[in-house]
Amino acid sequence: MTGDESRFDGAGAGEKLSTEHQNQSPERQPANETIGPSVSTSGLAAYSAMAFPLAFAGLPIYLHAPDFYAVTQQVPLTVLGSVLLALRLVDAIQDPFIGSFSDRFHRYRSGILIAGAILLGSGFWMLFHPTSQATVIWFAVSVLVCTTGFSVVSINFQTLGGLWLTSASERTRITASREAIGLLGLLVAAITPPLLAGASSSADAFHWLTVGYLPLLGIACWLLLHWMRRTPTEIPAPIRQQVSWSSLLKDRWRMLFFSTVFLNTFASAIPAVLVLFFVRDRLNAEAYTGLFLLVYFLSGALSMPFWTRLARRFGKIRAWQISLAVAIATFFWAVFLGQGDLAAYALVCMLSGLALGADLALPPAILADHIAADHRQREASRLFSAMAFLSKSALAIATGLSLPLLGLFGYHPNVAMTSELEFTLSFTYAGLPCLLKLVALGGLIFFEKDLALNKSTV
């Protein structure tokens, strides 16, 4: 796309971007330079609000729903697990198609967001109001509707943040705010169902959870649509045919970036899969699992302003390198922890949680810089959908490899272990992810100049 093809959408509709601004790499712009209106606190709040219901929905869908159906509907866990695994694969595979559809019909993004929110809300309600007949089919359809709506809203939501017409330094602030609100939504989702269940039956608890969730989703959707009408975003000129996926992904910059994202996400997914097993069978602290997760996610949310300032001062790539080094230096100590080391593990959760903030905030901001520098507004939704696909694929692969790998060494959950098995569990949980992050850090250092350019090299 040439420099004069991109224009404002929203308050600045119809204005042309200057070729000078379009051709500058965001990484090399002065910190005080902007390409459009500055990001106001009210605008940031209106945009970021959608992150709360999106993050809130995740835990009930994948954590609470299987237990709900097993207890209230007497569905075997093996059946629920098989259905969820198949649906996770479908959920990951459909992301690129959603991205392509959203790019092709970007002029109707408001309608796409509304349709996605309706699917998300409807599926969420269906999930916790099952029928007495064909319960497994109802569960599968509910999760599919819910996750499809989630993907539609999430991909377009991230795309809008990436297309927000502002400076490169402000993009980190945008993603940091969005991800911090998302972490708060995750924390509220973690504590709300147990609180509701303590005051009523399980069925009533999840009924009231959905009753509260639907207006929350509706308000966030209204705020986002209102933000879209008021905020200038970059949109491409109409095109007859989209660039193919193969042409889009074979570029050197995008290959390096997405490879690093996948490796880092895969490294983070392994402890996410094994944390419950590690806390219960290695630390003998199952009762404190919620507290450890609270410390970890709250630390990540509170670290967002720090990473925003660090990225503004040293650049996003350098800040990402620092965060990986922090993650390795702090999380590796979990390998040496054992029964009773509760305070030490809480400290590990707090310090490694600092790096979580960077993992969530920096890669989307770097991708947004690339979209602006390389004039890829036409493919913005597809590029963000590729990140979503990699994230879901990394979690699926981590689930499919880590537990069977431990099983090969003789590990069985909630069964007494030998010292060798204890070390194997600890190393798989913390040591292996740190080694993978070390490889990702090496790649970021070796290819730093290539990635900092933010532009295609072919």
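Residues numbered from 1 in each chain as written. Predicted model: local features only at pLDDT ≥ 70, side-chain atom pairs only at ≥ 80, totals over all residues. Heavy atoms only, no water.

Participant: Would you take a moment to explain the pattern of salt bridges for this structure?
Facilitator: Close approach of charged atoms lets side chains of opposite charge pair. All chains considered together, the criterion is met by 17 salt bridges. Its salt-bridge partner being R173, residue E170 comes within 3.2 Å of it at the nearest N-O pair. Placement of the pair is E170 and R173 together in helix 7 (residues 168-199), with a separation of 3 residues, close to one helical turn. Assessed through its relative accessible area of 11%, E170 is described here as buried. R173 sits in the partly exposed class, given a relative accessible area of 23%. Note that R171 is salt-bridged to D369, the shortest N-O span being 2.6 Å. Here D369 lies in helix 14 (residues 342-373) and R171 lies in helix 7, a separation of 198 residues in the sequence. Exposure class is identical for R171 and D369. Each is buried. (Salt bridge = Lys/Arg side-chain N within 4 Å of Asp/Glu carboxyl O. Helix = DSSP H or I, 4+ residues; strand = E, 2+ residues; numbered from the N terminus. Buried < 20%, exposed > 50% of the residue type's maximum accessible area, 1.4 Å probe, protein only.)

Participant: Explain helix 3 (residues 51-72) to me, please; I cannot follow it from the model alone.
Facilitator: Each full turn of the α-helix corresponds to 3.6 residues, which orients residues three or four apart in the same direction. With 22 residues, helix 3 ought to run about 32 Å at 1.5 Å a step, and its terminal C-alpha atoms sit 30 Å apart, in line with that. Helix geometry: helix 3 is bent most strongly at H64, by close to 45 degrees, with proline P66 lying one to four residues after it. Note on helix 3: the residue one or two positions beyond its end, Q74, has a positive phi of about 60 degrees. (Expected span 1.5 Å × (residues − 1). Bend = angle between axes of the 7 residues up to and from the residue.)

Participant: How do you make sense of the packing of helix 3 against helix 5 (residues 109-127) when you look at a structure like this?
Facilitator: What describes two packed helices is the angle between their axes and the distance between those same axes. Direction vectors running N to C along helix 3 and helix 5 enclose 25 degrees, while the axes themselves pass 11 Å from each other. Relative to helix 5, the element helix 3 lies roughly parallel. Relative to helix 5, the crossing made by helix 3 is left-handed. Contacts between helix 3 and helix 5 involve L54, A57, P60, I61, A65, F68 and Y69 from the first element and L120, F124, M126 and L127 from the second. In terms of residue class, the contact of helix 3 with helix 5 is built from 11 nonpolar, no polar and no charged. (Axes fitted to C-alpha atoms, helices over the stretch in contact; angles between N-to-C directions. Parallel < 35°, antiparallel > 145°, perpendicular 65-115°, else oblique. Left-handed = near helix turned anticlockwise from the far one by under 90°. Contact = heavy atoms within 4.5 Å. Nonpolar A, V, L, I, M, F, W, Y, C, P; charged D, E, K, R; others polar.)

Participant: Hey, could you run me through the environment of A344 in this one?
Facilitator: Within the secondary structure layout, A344 lies in helix 14. Spatially, the C-alpha atoms of A344 and W333 are 8.9 Å apart, while their sequence positions differ by 11 residues.

Participant: Would you mind going over unusual backbone geometry with me for this structure?
Facilitator: Peptide bonds are trans in most cases, and residues, glycine excluded, mostly fall at negative phi. Its identity as a non-glycine residue notwithstanding, N284 has a phi of 55 degrees, on the positive side. Mapped onto the secondary structure, N284 falls in the loop between helix 10 (252-282) and helix 11 (289-302). Of note in this structure, H375 is not a glycine but carries a positive phi near 55 degrees. In this fold, H375 is placed in the loop between helix 14 and helix 15 (380-408).

Participant: Even after reading the chapter, I still don't get the packing of aromatic side chains, so can you show me in this structure?
Facilitator: Centre distance and the angle of the planes are the two values used to describe a pair of aromatic rings. Summed over all chains, the structure comprises 29 aromatic pairs. Where F306 meets W307, the ring centres are 5.0 Å apart and the plane angle is 70 degrees; that geometry is what we call edge-to-face. Under the relative-accessibility criterion, F306 is labelled partly exposed at 43%. Assessed through its relative accessible area of 1%, W307 is described here as buried. In this structure an aromatic cluster arises from ring pairing among F52, F56, F68, Y69, F124, F128, F139, F206 and Y213. (Phe/Tyr/Trp six-rings, centres within 6.5 Å; stacked < 30°, edge-to-face > 60°.)

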